[in-house]
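Architecture and fold: a report
Next come the chains, spelled out residue by residue.
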Amino acid sequence: MRFAHPDGSTVHLAYCTNVHPAETLDGVLAQLRDHCEPVRRLLGRDRLGIGLWLAREAAADLVNDAEARRVLRGALDTRGLEVVTLNGFPYRGFGGERVKYAVYTPDWTSRERLDHTADLAAILADLLPEDAAEGTISTLPLAWREPFTPAQRQRALGHLTELSQRLDDLAEATGRSLRIALEPEPGCTVETTEQAADVLTGPGAPPSHRVGVCLDTCHLATQFEDPDRAIEGLTGRGVPIVKSQLSAALHAEHPGRPAVRSALADFAEPRFLHQTRERVRTKVTGRDDLDTALFGPDPLPGRGPWRVHLHVPLHAKPTPPLTSTLPQLTRALTLLVGGEHPLTHHLEVETYTWQVLPPALRPRTPAQLAEGIAAELALARDLLTGLGLKELT
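Keep in mind it's a predicted model, so treat the numbers as computed, not measured.

**Focus: the overall build of the protein chain**
- Of the regular secondary structure elements, the protein chain holds 12 helices and 15 strands.
- Taking 2.2 N^0.38 as the reference for a compact globule, 393 residues should give roughly 21 Å; the C-alpha atoms of the protein chain span a radius of gyration of 20 Å, in line with that estimate.
- C-alpha extents for the protein chain along the principal axes are approximately 60 × 50 × 45 Å.
- Within the protein chain, the fraction of its 393 residues that count as buried is 58%.
- Of the contacts formed within the protein chain by residues at least 6 apart in sequence, a portion of 79% connects residues at least 24 apart.
- Accessible surface, the protein chain as shown: approximately 15,400 Å² in total, 50% of it carbon and sulfur.
- In the protein chain, which carries 42 positive and 51 negative side-chain charges, the distance between the mean positions of the two groups comes to 4 Å.

This is the structure in structure tokens:
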């Protein structure tokens, strides 16, 4: 979906396909047919943006086969879909029974991550619509927090700098400009926007014309970051906001109460990591997963509100006593695109947790999943038009 900003530029809205992961090119083509096109039809639009996730095996097939890229581009065109952004965070296995910490490997200390992201860039250069100003790829924020030595940090930043040169070469060869977006996430080496700014403006930082930040509004809220301070902190230090993922965290105002803890326990599940944070006055503490925060040997005490990295559906309010951080998303979006000029032109709804939600919230059929995704996009569309942007046909 495209929107005209009052300044004349185009803001793109997509939804991320890691919600129905596929590991092969055939799986990606089936995904477009069985999921993405039905969402577009439900929205009644001729064109729908998708934030494509390509697992390592699918990316390797595509980067080595120009005909395969033509097939994928043709399928996108036929089904009324377009791609200006990729989710390059998960490497493979995102649909596995147990993902947890594996999603952070390989990290940016590894040449595997560098080469994979360079392959994604080459693929995206072929998939971009002819009139798209640029393409973007979001990626993990260097690595999980431990172990991570100064030498590993230097190696990771060196790989990002090498990737920047590859992107410069790609732009010269193809005329297509691509940028990389580090996505701060709780528990990682870079978990806040302040830490991202430190990394991207400090010693060894990669060039800012190629590497910036992906602002995920669920991660922002989980860390109890204030959207105004976070975004002002990035822009004030010259860190570009390359992309934003529109997502909502789970919020519990009184996690010490038995009924609230019982409601939270319904969201603990074995596939994904659900980092949990508690704020008492200005201090934020946390645990790596929701079940650990609730039932581990050193649980969070519940003296202040909790936020859980869960990516709950944007349009569906959790059952009380729980709420979501949709107000924080709304405020961040206002700051990102509601001003005189957009701070980013690429927005991506990323709710990948549909199939691990409590049974009452979980879609039972592909049609119900499509309806839920369409409802999320409709909410995001209404927020954008409420800020003065005009949807383009």
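Alright, that's what it looks like, and here's the rest.
**Regarding unusual backbone geometry**
- For the bond from Thr-105 to Pro-106, the omega torsion is -10 degrees, close enough to zero to count as cis.
- Looking at the element boundaries, Pro-106 is found in the loop between strand S4 (81-87) and helix H4 (111-127).
- Omega for the bond connecting Glu-146 with Pro-147 falls within 30 degrees of zero, at -10 degrees, which places this linkage in the cis form.
- For Pro-147, the position within the fold is in the loop between strand S5 (135-139) and helix H5 (150-174).
- Unlike most non-glycine residues, Phe-224 shows phi in positive territory, near 60 degrees.
- Along the polypeptide, Phe-224 turns up in the loop between helix H7 (217-222) and helix H8 (227-236).
- Judged by its relative accessible area of 9%, Phe-224 falls in the buried class.
- Phi angles above zero are rare outside glycine, and Arg-281 is one such case at about 55 degrees.

**A word on the environment of His-346**
- Mapping His-346 onto the fold places it in strand S14 (residues 346-349).
- For His-346, a relative accessible area of 3% puts it in the buried group.
- A C-alpha to C-alpha distance of 6.4 Å links His-346 and Leu-13, two positions 333 residues apart in sequence.
- Setting aside anything within four residues of it in sequence, one finds His-346 in contact with His-12, Val-84, Thr-85, Glu-134, Gly-135, Thr-136, Val-242, Lys-243 and Ser-244.

**Things to note about the pairing of strand S8 (residues 241-246)**
- The element S8 is largely enclosed, with a buried count of 6 among its 6 residues.
- Where strand S7 (residues 211-216) lies against S8, 4 bridges are found, and the strand directions are parallel. Each residue of the ladder has a partner; that of Cys-214, found in S8, is Lys-243.
- Where S8 and S14 come together, 3 bridges link them in parallel fashion. Opposite Gln-245, over in S14, you have Glu-348 as the bridge partner.

**Things to note about the pattern of salt bridges**
- Within the structure shown, the criterion is met by 25 salt bridges.
- Close ionic contact of Arg-79 with Glu-37 constitutes a salt bridge, the shortest N to O distance being 2.7 Å. Of this pair, Arg-79 sits in the loop between helix H3 (66-78) and S4 while Glu-37 is found in helix H1 (residues 25-43), placing the two residues 42 residues apart along the sequence.
- The class of Arg-79 is partly exposed, set by a relative accessible area of 23%.
- Look at the salt bridges and you will find they share partners, linking Glu-37, Arg-40, Arg-41 and Arg-79 into a network.

**Things to note about the pairing of strand S12 (residues 306-312)**
- Counting buried residues in S12 gives 7 out of 7 residues, a clear majority hidden from the surface.
- Burial along S12 is two-sided: the residues Trp-306, Val-308, Leu-310 and Val-312 and Arg-307, His-309 and His-311 are all buried.
- Pairing of strand S9 (residues 248-252) with S12, which is carried by 4 bridges, proceeds in the antiparallel orientation. Within S12, the position partnered with Ala-248 by the bridge is Val-312.
- Inspection of the sheet shows strand S10 (residues 276-280) paired to S12 by 3 bridges, in the antiparallel sense. Paired with Arg-277 across the bridge in S12 is Arg-307.

Reading the values: the criteria
- Residues numbered from 1 in each chain as written.
- Predicted model: local features only at pLDDT ≥ 70, side-chain atom pairs only at ≥ 80, totals over all residues.
- Heavy atoms only, no water.
- Helix = DSSP H or I, 4+ residues; strand = E, 2+ residues; numbered from the N terminus.
- Rg over C-alpha atoms; globule rule 2.2 N^0.38 Å.
- Buried < 20%, exposed > 50% of the residue type's maximum accessible area, 1.4 Å probe, protein only.
- Contact = heavy atoms within 4.5 Å.
- Areas by Shrake-Rupley, 256 points an atom, 1.4 Å probe, with all protein chains shown as cover.
- Lys, Arg positive; Asp, Glu negative; His and termini not counted.
- Charge placed at Lys NZ, Arg CZ, Asp CG, Glu CD.
- Pairing = 2+ DSSP bridges.
- Salt bridge = Lys/Arg side-chain N within 4 Å of Asp/Glu carboxyl O.

In short, the description is geometric, and any link to function would need to be established separately.
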